[in-house]
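# A structural walkthrough
Here are the chains, one letter per residue:
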Amino acid sequence: MKTVFEKPKSLSNVPLHYCPGCTHGIVHRLVAEAVDELGIEGKTIGVAPVGCAVLIYEYYNFDMAQAAHGRAPAVATGIKRADPNNIVFTYQGDGDLASIGMAETVHAAARGENITIIFINNTIYGMTGGQMAPTSLPGQVTQTSPYGRNPSLCGYPIKVCEMLATLDGPEYLERVSVHNVKFVRSAKKAIKKAFENQVNNKGFSLIEVLSTCTTNWGLAPTAALKWLEEKMLPYYPVGVYKDRSKVQ
Amino acid sequence: MSDKVLMKGNEAIAEAAIAAGCRHYFGYPITPQNEIGAYMSKRMPKVGGVFLQAESEVAAINMVYGVAGAGKRVMTSSSSPGISLKAEGISYAAGADLPAVIVNIQRGGPGLGGIQPSQADYFQAVKGGGHGDYKLIVLAPASVQEMASLTVKAFELADRYLTPVMILSDGTLGQMMEPVSLDFPQQQVFEKPWALTGTKCARPKNVVNSLHLVAEKLEQKILARYERYKAAEQNEVMCEEYLMDDAEICVVGFGISSRVARSAVNAARAKGIKVGLIRPVTLWPFPDAALKAAAKKVKAFICVECSMGQMIEDVKLATEFSKPIHLVCRSGGVIPSPEEVVGKIEELMINDK
């Protein structure tokens, strides 16, 4: 009998703790598939963020570090510099990467650090109960923007890919989404390329993944996917923001 | 006997780190320790090492966390305000049982303070600094030679006890030049089976982590760590006793203050006063036993510090408040003079008559 679908080798047997409808599980799997397909499981080292994905170190079978809030790109820099033969990635949410860890993110990108960053943008702080994130949309209701995010009071969302694309350092920046199968498939392609770049010593790659937070958005799983498509996609257009391999 | 070279204290630390096998250094500029980064930026590329000027002290200590997690010897250095920024990362490294060396070339504080030498980060170094139940092994050099030799020692202690180790020095020792021998004992190699080296698909994964959501599990990790601390307390205390045999007054000082204290002891001895010096070299573990023994012999203690009096609290605890303890101190970047210390010694002798 031919096997047509199975769990990636890089994923452990620990059950995921995420809420129903949360897209972390999809992205975890895409990372594992990329690592498996590139045959780099034995030399991959992941760095966990602080946030909902803090326990990601339970879910993979390769080596993992857990970093302080926002510091994953600095920790990854250390791990990579300790042995550049290893493949080092961080997995970070929007609060971790774009708020408290913005300096570490921008400077790792500016250095062209040969690491891979998987950036989950779900416009909200999940783990702490749904506070306003640096990527919360104008008007978005959160625990700490109960009347809707008011840009005149707390400014505008940060568009990470667009911002980092102004730097000379990064090799590859792409924003993807996982709200339906078609988008999941292109997300997979982007994530794999972001790892492949590192294998080929090309430098800094960051994939921003538009994701859901059913619990803190207060939406059922299908409604959350719809919200992502209708509200997030227009504000955060998917696409390649930088790809040095395409520049002549 | 090996040749000696004339070096600044900061440079001696950098060269000693390389001698100890440190090939990764991360730092952010701050006075008065910039010679360390400058030296590392020149030397590291020559020895196949990594020098990286981080975007902040916060990033630097987290790069240290990464390299230490990967099982390599690694160092960062800063001065007081920068050490405050590193406190978060130091706590995480302590919580993940990572060996690393952190150098604090102290300057006056609090806040931006000043750039003159100080010892006012004693509490921060020995009582925590970051959050949670942890200790640092803290070494206090008092010469350029010790800046070098204690740096080598720091790497060994870090690997042996799986903890960050701090070199607590100050701007004077960092900037001054003295002859130094760079001939160090052979380094012991420590196996690090816990390190993030990639599984090579040949072993179960390693996780470097300070998170334990089950309270009892976190407590177990802390208890295991405190067992190692206990071993360090038993095996690693270092202090120097100078003219203590017949001393009636014991002056206590570390680092730059101990040099002032030594001059004062010599001057008082020249006047026929029986006074000696105890110089803690390890600030944690603190030389409790030496001070307790001294308390049985001497009439009083004088602590000399470049702070408003921080180490004095540990002297009080070590001696169980059994003898009067006096303080000669200057703060804000001012170093007490030997005359101020001699004055206090003479005052005690007069009061004693």
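Residues numbered from 1 in each chain as written. Chains lettered and ligands numbered in written order. Predicted model: local features only at pLDDT ≥ 70, side-chain atom pairs only at ≥ 80, totals over all residues. Heavy atoms only, no water.

### Describing the sheet that holds strand E2 (residues 24-27) of chain B
All names here are of chain B. To keep things clear, this is the line we draw: Strand pairing is assigned whenever DSSP detects at least two bridges linking the two strands. Each helix corresponds to a stretch of at least 4 residues labelled H or I by DSSP, and each strand to a stretch of at least 2 residues labelled E; elements are numbered beginning at the N terminus. Simply put, an axis is a line fit to the C-alpha atoms, just over the touching stretch for a helix, and the angle between two N-to-C directions goes from 0 to 180 degrees.
The strand order E3-E2-E4-E5-E7-E6-E13 describes an open sheet built from seven strands, whose pairing is mixed. Looking along the sheet, the strands with just one partner apiece sit at the ends: strand E3 (50-53) and strand E13 (282-284). Ignoring strand direction, the axes of neighbouring strands in this sheet form an average angle of 20 degrees. Here strand E5 (residues 100-106) pairs with strand E7 (residues 164-170) via seven bridges, running parallel. Counted as the bridge partner of Val103 is Ile167 from E7.

### Details of the interface of chain B and chain A
Here is the rule: Whether two residues touch is decided by their heavy atoms; if any such pair falls within 4.5 Å, the residues are in contact. Accessible-area loss on putting two parts together, using a 1.4 Å probe and summing over both, is the definition of buried area adopted here. Salt bridge, as used here: a side-chain nitrogen of Lys or Arg that lies within 4 Å of a carboxyl oxygen of Asp or Glu. Pairs of N or O atoms within 3.5 Å make up the polar contacts considered here, provided that, within protein, one atom can donate a hydrogen while the other can accept it, and that residues adjacent in sequence are counted only when both atoms are side-chain atoms. Residue classes follow a fixed rule: Ala, Val, Leu, Ile, Met, Phe, Trp, Tyr, Cys and Pro count as nonpolar, while Asp, Glu, Lys and Arg count as charged, and any other residue, Gly among them, counts as polar.
Listed by partner, the interface residues are 33 residues for chain B and 32 residues for chain A. Here chain B packs against chain A, burying approximately 2500 Å² in sum over the two surfaces, 58% of which is carbon and sulfur. Broken down residue by residue, the surface that chain B buries against chain A is led by Glu55, Leu196 and Lys205 of chain B, which jointly contribute 23%. At the boundary of chain B and chain A, one finds three salt bridges. The residue Arg111 of chain A makes a salt bridge to Glu55 of chain B at a minimum N-O spacing of 3.0 Å. One can count 18 residue pairs in polar contact (both at pLDDT 80 or more) joining chain B with chain A. Taken together, the elements giving at least two residues each to the side of chain B that touches chain A come down to E2, E3, helix H3 (57-69), helix H4 (80-95) and strand E9 (207-208) of chain B. Broken down by element, the side of chain B that touches chain A gets its largest block of residues, seven residues, from H3 of chain B. Broken down by class, the residue content of the side of chain B that touches chain A amounts to 17 nonpolar, 10 polar and six charged. Sheet topology places strand E2 (residues 63-66) of chain A next to E9 of chain B; two bridges connect them, and they run parallel. What sits directly across from Ala65 of chain A, in E9 of chain B, is Val208 of chain B.

### Looking at the packing of helix H1 (residues 24-38) of chain A against helix H7 (residues 181-199) of chain A
Angle between the axes and distance between the axes: these two values describe a pair of packed helices. All names here are of chain A. For clarity, the cut-off: These descriptions rest on fixed angle ranges, namely under 35 degrees for roughly parallel, over 145 for roughly antiparallel, 65 to 115 for roughly perpendicular, and the rest for oblique. Each crossing is labelled by how the near helix is turned from the far one, with a counterclockwise turn of less than a right angle marking it left-handed and a clockwise turn marking it right-handed.
One can describe the packing of H1 onto H7 by two numbers: an axis separation of 9 Å at closest approach and a directional angle of 50 degrees. What the angle tells us is that H1 and H7 run oblique. Where H1 crosses over H7, the handedness of that crossing is right-handed. Contacts between H1 and H7 involve Ile26, Val27, Leu30, Val31, Glu33, Ala34, Val35, Glu37 and Leu38 from the first element and Val184, Ala187, Lys188, Ile191, Lys192, Phe195 and Glu196 from the second.

### Overview of the nonpolar core
Short version of the rule: Note on terminology: a nonpolar core comprises buried Ala, Val, Leu, Ile, Met, Phe, Trp, Tyr and Cys residues joined through side-chain atoms within 4.5 Å. Exposed residues in this analysis have more than 50% of their type's maximum accessible area, buried residues have under 20%, and partly exposed residues fall in between, with area computed by a 1.4 Å probe over protein chains only. The start and end points of each domain follow an automatic or database-based domain assignment.
With 121 residues, the main nonpolar core has Leu206 of chain A together with Met75 of chain B as its most contacted residues. For this core, the element with the most residues is helix H6 (residues 144-161) of chain B, which contributes 10 residues. For this core, the domains that each give at least three residues are domain 1 (4-235) and domain 2 (239-352) of chain B. Not counting chain neighbours up to four residues away, the residues in contact with Leu206 of chain A comprise Leu97, Ile117, Phe119, Val160, Cys161, Leu164, Tyr172, Leu173 and Glu174 of chain A. Residues Val27, Tyr59, Val176 and Ile191 of chain A belong to the second largest nonpolar core, which totals 36 residues.

### Describing the environment of Ala224 of chain A
All names here are of chain A. Tracing the sequence through the fold places Ala224 in helix H9 (residues 221-235). A residue is classified by how much of its surface remains accessible, and Ala224, at 0% relative accessible area, is buried. Here the alpha-carbon distance between Ala224 and Gly21, two residues 203 residues apart in the chain, equals 7.8 Å. Apart from residues lying up to four places away in sequence, Ala224 is in contact with Thr212, Thr214, Trp217 and Leu219.

### A look at the pattern of salt bridges
This model, assessed by the stated rule, comprises 37 salt bridges over all chains. Close ionic contact of Arg29 of chain A with Glu33 of chain A constitutes a salt bridge, the shortest N to O distance being 2.7 Å. With a gap of four residues between them, Arg29 of chain A and Glu33 of chain A both fall in helix H1, about one helical turn apart. On the basis of relative accessible area, Glu33 of chain A is assigned to the buried category, the value being 16%. For Glu240 of chain B, the salt bridge goes to Arg279 of chain B, with nearest N and O atoms at 2.7 Å. With a gap of 39 residues between them, Glu240 of chain B in strand E10 (residues 239-242) and Arg279 of chain B in strand E12 (residues 275-280) connect regions that are remote in the sequence. Connected via shared salt-bridge partners are Arg29, Glu33, Glu37, Lys188 and Lys192 of chain A.

### What to know about the layout of surface pockets
Heads up, the condition is: Points on a 1 Å grid, built from protein atoms alone, make a cavity when a 1.4 Å probe fits but cannot get out and make a pocket when they are open with protein on both sides within 12 Å along at least 5 of 7 lines; residues with an atom within 4 Å of a point are the lining residues. Grid points are joined across faces, edges and corners, and a volume is the space filled by probe spheres set on the points.
Taken as a whole, the largest pocket spans an internal volume of roughly 800 Å³. Lining the largest pocket we find 46 residues, and of these Pro49, Val50, Gly51 and Val54 of chain A together with Leu211 of chain B sit closest to its centre. Contributions of two or more residues to the lining of the largest pocket are made by strand E3 (87-93), helix H3 (94-100), strand E5 (124-125) and helix H8 (214-217) of chain A together with H4 and helix H8 (215-235) of chain B. Tallying contributions element by element places H4 of chain B first for the lining of the largest pocket, with four residues. Taken together, the residues of the lining of the largest pocket sort by class into 21 nonpolar, 21 polar and four charged. By volume, the second largest pocket amounts to about 400 Å³. Lining the second largest pocket are 19 residues, with Val207, Asn209, His212, Lys217 and Lys221 of chain B sitting closest to its centre. Listing elements by their share of the lining of the second largest pocket, those giving two or more residues are E9 and H8 of chain B. Tallied by class, residues from the lining of the second largest pocket come to 11 nonpolar, four polar and four charged.

### Section: the confidence of the model for chain B
To keep it simple, the criterion reads: Each residue carries a pLDDT value, the predictor's own confidence for that position, ranging from 0 to 100.
Overall, the prediction assigns chain B a mean pLDDT of 97, with 99% of residues at 70 or greater. Prediction confidence for the complex, expressed as pTM and ipTM, is 0.97 and 0.96 respectively.

### Overview of empty space enclosed by the protein
All names here are of chain B. For the coordinates displayed, the defined rule picks out two cavities of 30 Å³ or more. The dominant element in the lining of the largest cavity, judged by the number of residues it contributes, is H4, at three residues. In terms of residue class, the lining of the largest cavity is built from six nonpolar, four polar and no charged. Of the volumes computed, that of the second largest cavity is approximately 30 Å³.

### A short note on the domain arrangement of chain B
All names here are of chain B. Each assigned domain of chain B is listed here: domain 1 (4-235) and domain 2 (239-352). Inter-centroid distance (C-alpha atoms) of domain 1 to domain 2 is 28 Å. Listed as interface residues are 31 residues of domain 1 and, on the opposing side, 26 residues of domain 2. A buried area of about 2300 Å², summed over both sides, lies between domain 1 and domain 2, and 58% of it is on carbon and sulfur atoms. Area buried by domain 1 at its contact with domain 2 is led by Gln119, Tyr122 and Phe123, which between them contribute 31% of it. Inspection of the domain 1/domain 2 interface yields three salt bridges. Where Arg259 meets Glu178, a salt bridge forms, and the shortest distance between an N and an O atom there is 2.6 Å. Elements with a minimum of two residues in the side of domain 1 that touches domain 2: helix H5 (122-126), strand E6 (137-139), H6, E7, helix H7 (171-175) and H8. Along the lines of polarity and charge, the residues of the side of domain 1 that touches domain 2 split into 18 nonpolar, six polar and seven charged.

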